[in-house]
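Spelled out from the first residue to the last, the chains are:
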Amino acid sequence: MTLLEKTRQFEKENQAPVKEQPAFHAAPAVGWMNDPNGFSWYDGQYHLFYQYCPNKMKWGPMHWGHQVSDDLVVWKRKPCVMAPENSFDYDGCFSGTAIETDQGHLLIYTGVTGSYQNQCIALGDGLTYKKFEGNPVIKGDQLPDGCSHEDFRDPKIWKEKDTYYCIIGNMRQDKHGQIVMFTSKNLTDWKYEGILYEMPRAEKNMLECPGFFRMDGIPVLITSPQNMHADGKEFHNGHNSVYLLGKKDTLDFSGATMHSIDYGLDFYAPETTIAPDGREILIGWMASWHGTQMTKEQTWTTQMTFPRELSLEEDMLIQKPVAEIENYYLDTIKYSGKVIEGEVELPEVKGRFFDMGVHFNCQGFKKFTIELAKNERFKTTFTISNKKKQILLDRTYSGMLEDHNCIRKVPFTEEITDLRILMDQYGIEIFVNGGKMVFSLILTTPISAEGIAFKSKKAADIDVTFHTIDTASIYRKREAEGTLQ
Ligand code: FRU
């Protein structure tokens, strides 16, 4: 039996009951998951692959797990597609991306062998994939002198006219993180083109998981730099995920400013893809390398974010949950002009699976808090302090086993008028002011804690729109079509 066959057997026999997982966020059937990989539309479905170590609850030999979705909401399990078992990847099939080609669905990934990282390809039909025998197709020794062959990973592929482009994260011996670029006409012969972007400071920021797309001609680069220092409201997460906007109709990112993609506690290594209707969609790993949160009962760990539709507004990346979630609204409860003074719970506004909008009709409040997943023992709080001009996220009392990495304080400048909160079991994503800032985090609070409270020091006038999610129909579909057979 090959390692891939053994892995498929293992995941089939050990898969967690679907109902013990988030409803509309992708999570691994069993064991460990990190970065999204090969997020793409192919043969009538969205495909999401991911870094996967099924037989451990922590990072280990990296496989590529696989799930598919028709609508970005209902994620269905598919058998693992790649295991680290070939001469060019026996120490890991690390992160990468996918593209549709004339010959099928192509995956490009980093094959790890000892202290070498090279780029490899595999071709498939959306279910099974065959690694190219001539792998690796891009080798560290194609890089100029002074570039690490050990930190050379996470290829992002795309095509413009008749040329394939591939950008890859890399580190230089002078400790500058950089993203290098290669081109190819045939996917197997690649030419080094140069450095697409380099970090301004030599601070050992390996630029992991680069991504690239254009929006109205503006080139957008995303990447996840390791080991960053916080700077104002930016980069509080140590290993961060950022975006940069280049000059229109070029590949020029010189002088571009980095901004965090997500300001929460759990977010890393996002990838994007284009939906058939042209939307640019982002999905990230909703976890952090500084500690992955899970309950004592879980046999699987970590999840992805809910897919987010991207747009640009005044040089800012805007993220909104994809509209498909609206097809799963069950009940809608609305309150308008509700005055919050002290602590208020609104009838029927409670639960762990919802999409809630909060609009502030005035800015007279000093400090406004929403408590989520609350009961007499637990709560997770999101506080807007208009006085300090600061957002405070606090999961100290969310049932965490360790009291660290629980608090995030982020300054803001523009007044906060709207929140949209997506909650799915143990995951929360908070979209501020129509998606100008997003805060993602995981809790381990028992599922029975489903209270939601609003608190304000001075009267706050708010509208609330609360949609419960039809989890029963999502789980039913996932059980029927997404169980590993
Ligand atoms: C990012 C990362 C990638 C690497 C993968 C390994 O989280 O470190 O750079 O390819 O995870 O699992």
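In what follows, the structure referred to is the one given above.
None of these values were measured; they are calculated from a predicted model. (Residues numbered from 1 in each chain as written. Predicted model: local features only at pLDDT ≥ 70, side-chain atom pairs only at ≥ 80, totals over all residues. Heavy atoms only, no water.)

Enquirer: Describe the environment of F253, with residues and values.
Expert: With respect to the helices and strands, F253 occurs in the loop between β15 (242–245) and β16 (259–260). Expressed as a C-alpha distance, the spacing of F253 and Q173, which sit 80 residues apart in the sequence, is 22 Å. Excluding anything up to four places from it in sequence, F253 contacts L196, Y197, F212, P219, V220, L221, L244, L245 and G246. (Helix = DSSP H or I, 4+ residues; strand = E, 2+ residues; numbered from the N terminus. Contact = heavy atoms within 4.5 Å.)

Enquirer: Residue-level account of the packing of aromatic side chains, with values.
Expert: Scanning the entire structure with this criterion turns up 22 aromatic pairs. Measuring from centroid to centroid gives 4.9 Å for F360 and F368, while their planes differ by 90°, and the two rings are edge-to-face. Exposure class is identical for F360 and F368. Each is buried. Following the ring pairs from residue to residue traces out a cluster consisting of F49, W64, Y109 and Y129. (Phe/Tyr/Trp six-rings, centres within 6.5 Å; stacked < 30°, edge-to-face > 60°. Buried < 20%, exposed > 50% of the residue type's maximum accessible area, 1.4 Å probe, protein only.)

Enquirer: Would you mind going over the site of the ligand in detail, with residue names and values included?
Expert: As a matter of local geometry, the ligand sits amid N34, D35, Q51, W59, M62, F94, S95, R153, D154, E208, Y268 and W289. Here an oxygen atom of the ligand sits 2.9 Å away from a polar atom, N or O, in the side chain of W59. Burial of the ligand by the protein chains amounts to 95% of its free accessible area of 310 Å². Considered class by class, the residues forming the shell around the ligand number 5 nonpolar, 3 polar and 4 charged. (Near = heavy atom within 4 Å. Polar contact = N/O pair within 3.5 Å; in protein donor to acceptor, adjacent residues only side chain to side chain. Areas by Shrake-Rupley, 256 points an atom, 1.4 Å probe, with all protein chains shown as cover. Nonpolar A, V, L, I, M, F, W, Y, C, P; charged D, E, K, R; others polar.)

Enquirer: Got a sec to walk through unusual backbone geometry? Specific residues and values, please.
Expert: Of the consecutive residues N135 and P136, the connecting peptide bond is found in the cis state with omega at -5°. Summarising the element assignment, P136 is placed in the loop between β8 (129–131) and β9 (147–160). Its identity is not glycine, yet N405 carries a phi of approximately 55°, on the positive side.

Enquirer: A description of the pattern of salt bridges should follow, citing residues and the corresponding values.
Expert: Enumeration according to the criterion identifies 24 salt bridges in this entry. Residue K191 is joined to E193 by a salt bridge in which the shortest nitrogen-to-oxygen separation is 3.4 Å. Salt bridges sharing partners connect three or more residues here, namely E343, E371, K374, K379 and K455. (Salt bridge = Lys/Arg side-chain N within 4 Å of Asp/Glu carboxyl O.)

Enquirer: For the layout of surface pockets, give the residues involved together with the corresponding values.
Expert: Taken as a whole, the largest pocket encloses approximately 620 Å³ of empty space. Surrounding the largest pocket, 31 residues form its lining, K156, I157, W158, T273 and I274 being those nearest its centre. Looking at the lining of the largest pocket, the elements with two or more residues in it are β1 (31–42), β5 (93–101), β9, β13 (207–215) and β17 (268–274). For the lining of the second largest pocket, the residue count by class is 7 nonpolar, 3 polar and 3 charged. (1 Å grid on protein atoms, 1.4 Å probe; cavity = no way out; pocket = protein on both sides within 12 Å on 5 of 7 lines; lining within 4 Å. Points joined across faces, edges and corners; volume = space filled by probe spheres on them.)

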